[in-house]
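For reference, the chains in residue letters:
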Amino acid sequence: MSDLLDKQHIDAGLDLLRADGGLTVYPSSEGLTPFNPEPPYVRVYATIDRPADASANSLRGTSQVWVVRWICHCVGLNEYAAAAVGMRVRAALLDQRPTISGRNVGMIREDQALPPIKDDTTGRQVIDAVAVYRMTSA
Amino acid sequence: MDDLDALILAFEREAAEIAPAVRQVVSKGSLHIKQDWARRWSGHPTIRQLPAAIGYDLTTDPTGTSSRIGVDKSTPQGPLAHLIEFGSVNNGPIPGGQPALDAEEPRFVRALEDLGGRRIEG
C-alpha cells in the first residue's frame, strides 16, 4: 500500500481512547480483541466512508472527503457501569480535533447514542450502550 | 402595504407553492437511501429477509416534509436490524443506513438548491 491514511484515520479516535489510562479499549494497540473480556471495557468498530458526491470532493472528481465513524460498544455488568464507560468515551472523543498529516480534520461529533441493552453473544450477559462518533476530513 | 409586508407575503406564498416540489425531492431522496441501504445488506446469508424490511414514511404538514427511513421491526428479521447496523460486543457491524444517508446527503442538498434556484429565477 502506498499510504497509511486509513489506519491514521481509524487510530485518530482509538489513540484518544487509549490515552485514558482508566479505560480498557479493544482492539488493543496490537489490533487484538479477546473473545470474552472482563467488563468494563469499550469495544470499537471503525468504518471509513468516502461519499462519491460530497461537495468538498476535488474539482478533478477524486474522493477527497473521508468520513470516519467509531461505533463504540460501552460494556459493563450493569447499566450504570455501561454508562460510566460511555462517559469516559465521550470525554475522550467529543469535540476533539485530531491531527492527520496532509488532511484538514474536523471535530469529532456524536452521531447517535442508543439506550443500554442486554448482550449475551459472548455467553455471559453484559449491558451494552452503543455510542457512535463521527469525524470528517478532507 | 409597505415593501417589507409585500416581501413577507411573497415568501409565505412561495412556501405554499413550493411544497409539492419539495415533497418530490424528499421522496426521491428517501427512495435512494432505502435502495442503497437494502443493497448494502443484500447477499448476506443470515439476513436474507432484512433488506426487504427497509422502508420509509413521508409526512407533510404546514411546516414542511419529513421522512422516516428504517426497518420495519414487525417483519421476521426486523428485530435484528440494530445488531446488524451497530454490531454487538462479539459481532462486527454491517453499516447500511448511515452510509446510505451519507451518500445521498450531497445529492439531496443539491436537488433542493436547484429547486430554490429555479423558483427564484422564475
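About the criteria used
- Residues numbered from 1 in each chain as written.
- Chains lettered and ligands numbered in written order.
- Predicted model: local features only at pLDDT ≥ 70, side-chain atom pairs only at ≥ 80, totals over all residues.
- Heavy atoms only, no water.
- Helix = DSSP H or I, 4+ residues; strand = E, 2+ residues; numbered from the N terminus.
- Rg over C-alpha atoms; globule rule 2.2 N^0.38 Å.
- Buried < 20%, exposed > 50% of the residue type's maximum accessible area, 1.4 Å probe, protein only.
- pLDDT = per-residue confidence, 0-100.
- Contact = heavy atoms within 4.5 Å.
- Buried area = accessible area lost by both parts, 1.4 Å probe.
- Salt bridge = Lys/Arg side-chain N within 4 Å of Asp/Glu carboxyl O.
- Polar contact = N/O pair within 3.5 Å; in protein donor to acceptor, adjacent residues only side chain to side chain.
- Nonpolar A, V, L, I, M, F, W, Y, C, P; charged D, E, K, R; others polar.
- Phe/Tyr/Trp six-rings, centres within 6.5 Å; stacked < 30°, edge-to-face > 60°.
- Lys NZ or Arg CZ within 6 Å of the ring centre and 35° of its normal.
- Expected span 1.5 Å × (residues − 1).
- Bend = angle between axes of the 7 residues up to and from the residue.
- Core = buried A, V, L, I, M, F, W, Y, C linked by side-chain atoms within 4.5 Å.

### A short note on the overall build of chain B
Item 1. Of the regular secondary structure elements, chain B holds 3 helices and 2 strands.
Item 2. Taken over C-alpha atoms, the radius of gyration comes to 19 Å for chain B, far larger than the 14 Å a tight globule of 122 residues would show.
Item 3. Referenced to the eigenvectors of the C-alpha coordinate spread, the extents of chain B come out at roughly 65 × 25 × 25 Å.
Item 4. Buried residues in chain B amount to 30% of all 122 residues.

### Observations concerning the confidence of the model for chain A
Item 1. Taken residue by residue, chain A gives an average pLDDT of 93. The fraction at 70 or more is 99%.
Item 2. Here strand S5 (residues 117-119) of chain A stands out as the element of chain A with the lowest mean pLDDT, 92, in contrast to strand S1 (residues 25-26) of chain A, whose mean of 98 is the highest.

### So, the interface of chain A and chain B
Often, the extent of an interface is quoted as the loss of accessible area on bringing the components together.
Item 1. In this complex, chain A contributes 25 residues to the contact, which on the side of chain B involves 17 residues.
Item 2. Both faces combined, the contact of chain A with chain B buries some 1,600 Å², and carbon together with sulfur accounts for 60% of it.
Item 3. Taken together, the links from chain A to chain B amount to 2 salt bridges.
Item 4. Remark: the boundary between chain A and chain B carries 9 residue pairs in polar contact (both at pLDDT 80 or more).
Item 5. Counting residues per element, the ones that place at least two in the side of chain A that touches chain B are strand S2 (41-49), strand S3 (66-76), strand S4 (109-113), S5 and strand S6 (126-137) of chain A.
Item 6. Classifying every residue of the side of chain A that touches chain B gives 12 nonpolar, 6 polar and 7 charged.

### Brief notes about the packing of aromatic side chains
Item 1. One pass over the structure, following the stated rule, counts 2 aromatic pairs over all chains.
Item 2. A ring pair is formed by Tyr26 of chain A and Tyr41 of chain A, whose centres lie 5.5 Å apart and whose planes are at 65°; its orientation type is edge-to-face. Within this pair, whereas Tyr26 of chain A is found in strand S1, its partner Tyr41 of chain A is found in strand S2, the two being separated by 15 residues in sequence. Of the two residues examined, Tyr26 of chain A and Tyr41 of chain A, each falls in the buried class.
Item 3. Judged by centre distance (5.5 Å) and plane angle (70°), the rings of Trp37 of chain B and Trp41 of chain B are edge-to-face.
Item 4. Take Trp37 of chain B: its relative accessible area is 10%, and that puts it in the buried class.
Item 5. Relative accessible area serves as the criterion here: at 0%, Trp41 of chain B is assigned to the buried category.
Item 6. Above the face of the Trp66 of chain A ring, Arg50 of chain A is positioned so that its terminal group lies 4.3 Å from the ring centre.
Item 7. When the ring centre of Trp66 of chain A is taken as reference, the NZ or CZ atom of Arg103 of chain A above it lies at 4.9 Å.

### Focus on helix H1 (residues 5-18) of chain A
All names here are of chain A.
Item 1. With 14 residues, H1 ought to run about 20 Å at 1.5 Å a step, and its terminal C-alpha atoms sit 19 Å apart, in line with that.
Item 2. At Asp11, H1 shows its maximal kink, close to 35°.
Item 3. All of the buried residues in H1 are Leu5, His9, Asp11, Ala12, Gly13, Leu14 and Leu17.
Item 4. Packed against the buried residues of H1 are S1, S2, S3, helix H2 (79-93) and S6.

### Quick look at unusual backbone geometry
All names here are of chain A.
Item 1. Here the bond from Tyr26 into Pro27 is cis, since omega is 5°, no more than 30 degrees from zero.
Item 2. Pro39 connects to Pro40 through a cis peptide bond whose omega is 5°.
Item 3. Assignment of secondary structure puts Pro40 in the loop between S1 and S2.
Item 4. The residue Asp95 is not glycine, and still its phi comes out positive at about 70°.
Item 5. A residue is classified by how much of its surface remains accessible, and Asp95, at 37% relative accessible area, is partly exposed.

### Some words on the nonpolar core
Item 1. In this structure, Leu17, Val42, Trp70, Cys72 and Val89 of chain A are the most contacted members of the largest nonpolar core, which totals 27 residues.
Item 2. Elements with a minimum of two residues in this core: H1, S2, S3, H2 and S6 of chain A.
Item 3. Filtering out sequence-adjacent residues up to four positions away, Leu17 of chain A remains in contact with Leu23, Val25, Val44, Val89, Ala92 and Leu93 of chain A.
Item 4. Of all hydrophobic cores here, the second largest spans 12 residues; its members include Ala38, Ile47, Ala53 and Ile54 of chain B.

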